[in-house]
Amino acid sequence: MRPQKEIETLLSRLQYRGTPQLRRRMQSHIAVAWRQGRSHIMNETGKRTSRAGTARFAGSRIMRNSMARFGVAAALLVAVLLGLHIFTGTSHVAWANVLAKVSAFDTYIFRSRVVETSGPRPDGFDFGSDSVSTVYYSEQYGRFSEDYRNDKLFARFYTLPDTNELVVICYSPNVYDRRELTASQIDEMRRNHPKRIVTKILEADYVELGEDRLEGKRVRGVELRDPSVMVDEGKETPSVDEFRARFWIDVETELPVWVEVEIAPAGSPKRQTVVWDQFQWGVPLAASLFEPNIPADFESIGSERTGRAYSDSTPRNEAEEAFLDNTQAEPYLSDFDHLTLPDVSGVTLLGVDTSVPQAELRLRDHEEVWQAQDAFRAKWPRYDDVRDQLAQELQAQLGIGQMTVEQLVGLGLALRERFWELRGCLSDTSYPYGYAARLVTAKAHELAPDDPAVTDQYVESIITCEATATFENQTSERTINPVYPGLLTQLRAAQFEQLKDKVKNGYVPTWKDFVRAIDLITLFDSYCEDQAAALEVTRWLITRAPIAGWTYYSDTSLPEREEAYAAGDGYRGGLFMHGPDAFPEEFRYARRLFSLQGPREHAQKLTPRHLRHLKGW
Amino acid sequence: MLEDRILLWKAKRGDQSAFDALYERHVDTLLTVGRNLLGSAEEAEEVVQDVFTSFVASLASFQLRGSLKGFLAICVANRARDRLRKRSRLAAASFEAPRDDVSEPLELVIRDEQISRLQQALAELPPEQREVIVLKMHAGLSFQALARELGIALGTVQNRYRYGIDRLRSLLNGEVSE
């Protein structure tokens, strides 16, 4: 009888290799798949129904399920057991030496790469971002990083605890910002860097990953799967489905050469991976490296003068508290939320077949999102060219000529929801519904021209389909959408005139009036190049701030606007609305006026950046 | 494993040469797994090609956990299992006997009488035993990893392996006649 070892040895020799013809044949097929799967989104939007576009990786389902079954508790148990084993002396690396060496370095340089993905979503999107930067870290001076996009320097970030300052210099466009560092930002800088992660892993019950090779060097790794180790005492451990922190050291130098952290939030297909490598441990870093060098011709974008942090705001005065009382911290709820929306799922417009499956899209960063939107929109007919046909179809199917203002608004809301369901501006089939929403809310506006809430609905319908401009990049001039300096400016200007008249009669402006006015200022400034008009509206807002409760802005961006417009200059920056997280998919809603609500689900998540704490975000 | 990670990073950023390098690193292992599981060179080629094609499509959102070789091998095994099930439903074709066909697109790295007998013996194992043995021997997956990825108990994996090896020993020693 042959012993088991002999059978195993024989089995290990039962190997095949492909003939050159087979390898060439397979590579040719895979090259085609590569071109289909990786080609630029501009070339594939709307026609990607190929196998590469729709295929699912067969293994991923099994991997995910099994990972879930494996569970954090089991992983921890294994980690603890293996950790004990390691400490009893089987390791060839003295991890204590690694800890001692790393702890001794006060300065180092490394490359940082961050990949985020939403994971494949039911609507066919997979949004994500991908960033690369070189980081210079000094325990004495702070953190300086250079961020790259497409191998070009995009921005420099200086996090400077000594002067309590965060400085951002952006190279596309050439702008900068200086703002006060918050305690949480300083804390984040101190916590989120490789030396701390390595230290935390080594202080915990890690698992050895064994020996491997990295760029020709022998390396050994360890892994930790317990996220609570990374959390400071007294703070809550984030709920995650998966967490892995790993690093590998060069066996010769006993210094980390690769550190990575993977996080999958609980109940979400999202995933973030951070990789740090190309370390230069202990390299001397001069103080001058951490002194921001802002080119003279770069323009400030915001908070330099007051230095107040965006995310560190609490109600500080009576006006702000009044603002919160007036809005119940839900400043963006629709005026028409009480309406029962008609079912428009059976409405067919312009002969567009909405049952045609949409291509799956993997979009990384705002550039890809905006380029894809422009590519889709370029294929849509113009609103003016289909308006009459749409009006006839809407009359025939829904009888819009006999509808009241409220019915028209309700129909507009339903049609916009349908537009977003069909993937908004990243779709071949959504536009008839966006255009139809514009048509019916225009009718409502004709019937109630003095009702600002109805005008808001009309504005929302227009900007739902229309971006401010086609995608800008460094090599081409942007082309402004004429509806912004035209119809939209007229609508917001008319609302402003109505507002001024009402205020004369004792009306107290609301947050929505403020948002409408900011839209108008932006339209005057950026699209009409009428800084005098922008200045007039800005000054009006500043004088009304104490009674209306937008003191946060009267302390920060409004005076900056006033100064810029008085000098005849433009102003960059605005009114930042946020959801619970600013994931790249939010770029779908950019390139419109600040007032954009988007689909209902999105609108309910919006709140001004300085009030995010009210929602616990 | 780290080399794989680096190549993956590059491939995710659109570097086709990095993907080609990943393909070169693993294609023979996957062909070996596919051929040993399916007994057919043509089907092994189809399955491996399918896995790589799907891998390209999912690359942007793909996150590597464990070894890439192990992951790809599991994908090959999943597809091979589907094919074997389809075969048994159709009851049309049995496990293809090894042959010395000149048009065979795969070639054995080592050719000798023992290996030929082992090929035949492996083909005679129940598919689930063959799967565990092939994945362990050629994809380097541990029993724990196999249990996790195949969604079965650790003891079941170990038993399948042990019974499979015992049966191979018997077949190679002529103790079992079929």
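Residues numbered from 1 in each chain as written. Chains lettered and ligands numbered in written order. Predicted model: local features only at pLDDT ≥ 70, side-chain atom pairs only at ≥ 80, totals over all residues.

Things to note about the overall build of chain B
Along its length, chain B carries eight helices and one strand. Listing the helices and strands of chain B from first to last along the sequence gives α-α-α-α-β-α-α-α-α. In chain B, buried positions account for 47% of the 178 residues. Sequence separation of 24 or more characterises 70% of the internal contacts of chain B that already satisfy a separation of 6 or more. (Helix = DSSP H or I, 4+ residues; strand = E, 2+ residues; numbered from the N terminus. Buried ≥ 20, exposed ≤ 12 C-beta atoms within 10 Å, placed from the backbone. Contact = placed C-beta atoms within 7 Å.)

Description of the nonpolar core
Within the largest apolar cluster, 61 residues are counted, with the highest numbers of intra-cluster contacts made by Leu30(B), Val33(B), Val48(B), Val51(B), Ala73(B), Val76(B) and Leu135(B). Apart from residues lying up to four places away in sequence, Leu135(B) is in contact with Val33(B), Ala73(B), Ala77(B), Leu141(B) and Leu146(B). Listed in part, the 53 residues of the second largest apolar core include Val409(A), Leu439(A), Ile518(A) and Leu523(A). (Core = buried A, V, L, I, M, F, W, Y, C linked by C-beta atoms within 7 Å.)

Observations concerning the pairing of strand S3 (residues 125–138) of chain A
All names here are of chain A. One ladder, built from eleven bridges, connects strand S2 (residues 107–117) with S3; its direction is antiparallel. Bridge assignment links Phe110 to a residue of S3, and that residue is Val135. Note: S3 against strand S14 (residues 361–364), four bridges, orientation parallel. Following the sheet pairing, Phe125 is matched in S14 by Leu361. In the sheet, S3 pairs with strand S4 (residues 142–149) via seven bridges, with the strands oriented antiparallel. (Pairing = 2+ DSSP bridges.)

Description of the packing of helix H2 (residues 16–38) of chain B against helix H3 (residues 41–58) of chain B
Residue and element names in this part refer to chain B. Two numbers describe how H2 lies on H3: the axes approach to 8 Å, and their chain directions differ by 135 degrees. Relative to H3, H2 is oriented oblique. Crossing geometry of H2 relative to H3 is assigned as right-handed. Contacts from Tyr23, Val27, Leu30, Leu31, Gly34, Arg35 and Leu38 of H2 reach H3 at Ala41, Glu43, Ala44, Val47, Val48, Val51 and Phe52. (Axes fitted to C-alpha atoms, helices over the stretch in contact; angles between N-to-C directions. Parallel < 35°, antiparallel > 145°, perpendicular 65-115°, else oblique. Left-handed = near helix turned anticlockwise from the far one by under 90°.)

Topic: unusual backbone geometry
All names here are of chain A. Positive phi outside glycine occurs at Leu350, with the angle close to 55 degrees. Following the sequence through the fold, Leu350 ends up in the loop between helix H9 (318–327) and S14. Among the residues examined, Leu350 registers 16 C-beta atoms within 10 Å and is labelled partly exposed. Here Arg423, not a glycine, exhibits a phi torsion of approximately 80 degrees, which is positive.

Focus: the environment of Tyr148(A)
Residue and element names in this part refer to chain A. Tracing the sequence through the fold places Tyr148 in strand S4. Judged by local crowding, Tyr148 falls into the partly exposed class, with 15 C-beta atoms found within 10 Å. The spatial distance from the C-alpha of Tyr148 to the C-alpha of Ser131 is 6.9 Å, given a sequence separation of 17 residues.

As for the environment of Arg23(A)
You can see Arg23(A) is positioned in helix H2 (residues 20–38). Arg23(A) sits in the partly exposed class, given 18 other C-beta atoms within 10 Å. Excluding its chain neighbours within four sequence positions, the residues that come into contact with Arg23(A) are Gly18(A) and Val27(B).

Some remarks on the confidence of the model for chain A
Confidence along chain A averages 79 in pLDDT terms, with 79% of residues attaining 70 or more. This model gives residues 303–313 of chain A a pLDDT under 50, and the stretch forms 26 contacts once residues within four places in sequence are excluded. (pLDDT = per-residue confidence, 0-100.)

Overview of the pairing of strand S11 (residues 255–265) of chain A
Residue and element names in this part refer to chain A. Across the eleven residues of S11, eight count as buried, placing the element largely inside the fold. Bridging between strand S10 (residues 240–250) and S11 involves ten bridges; their strand directions are antiparallel. Paired with Phe247 across the two strands is Val259, which belongs to S11. Where S10 folds back onto S11 in an antiparallel hairpin, the turn is made up of four residues, including Glu254, whose phi is positive at roughly 60 degrees. Two elements, S11 and strand S12 (residues 271–281), share six bridges in a ladder whose sense is antiparallel. Bridging from a neighbouring strand, Val259 pairs with Trp276 of S12. The hairpin formed by S11 and S12 contains five residues between the paired strands, and Gly267 there has a positive phi angle of roughly 70 degrees.

A word on the confidence of the model for chain B
Residues and elements named next belong to chain B. Looking at chain B, pLDDT values average 81 and 81% of them are 70 or higher. The weakest mean pLDDT in chain B belongs to strand S1 (residues 106–108) at 69; the strongest belongs to helix H6 (residues 127–139) at 93. Low pLDDT, under 50, characterises residues 96–102; the predicted model gives this stretch six contacts beyond four residues in sequence or across chains. Predicted complex metrics record ipTM = 0.83 and pTM = 0.57.

Description of the environment of Val134(B)
Residues and elements named next belong to chain B. Among the secondary structure elements, Val134 is positioned in helix H6. Separated by 102 residues in the primary sequence, Val134 and Thr32 have C-alpha atoms spaced 8.6 Å apart. Apart from the residues within four sequence positions on either side, Val134 is in contact with Val33, Asn36 and Leu37.

Observations concerning the packing of helix H7 (residues 143–150) of chain B against helix H8 (residues 154–172) of chain B
Residues and elements named next belong to chain B. For the pair H7 and H8, interaxial distance at closest approach is 8 Å and the crossing angle is 115 degrees. Accordingly, the angle class assigned to the pair H7 and H8 is roughly perpendicular. Classified by chirality, the crossing of H8 by H7 is right-handed. Seen from H7, the contacting residues are Phe143, Gln144, Leu146, Ala147 and Leu150; seen from H8, they are Leu154, Val157 and Gln158. A per-class count over the contact of H7 with H8 returns six nonpolar, two polar and no charged. (Nonpolar A, V, L, I, M, F, W, Y, C, P; charged D, E, K, R; others polar.)

Here we look at H7(B)
Residue and element names in this part refer to chain B. Among the eight residues in H7, six count as buried, and that is most of the element. Buried residues of H7: Ala145, Leu146, Ala147, Arg148, Glu149 and Leu150, and no others. Of the residues flanking the end of H7, it is Gly151, one or two places downstream, whose phi is positive at about 70 degrees.

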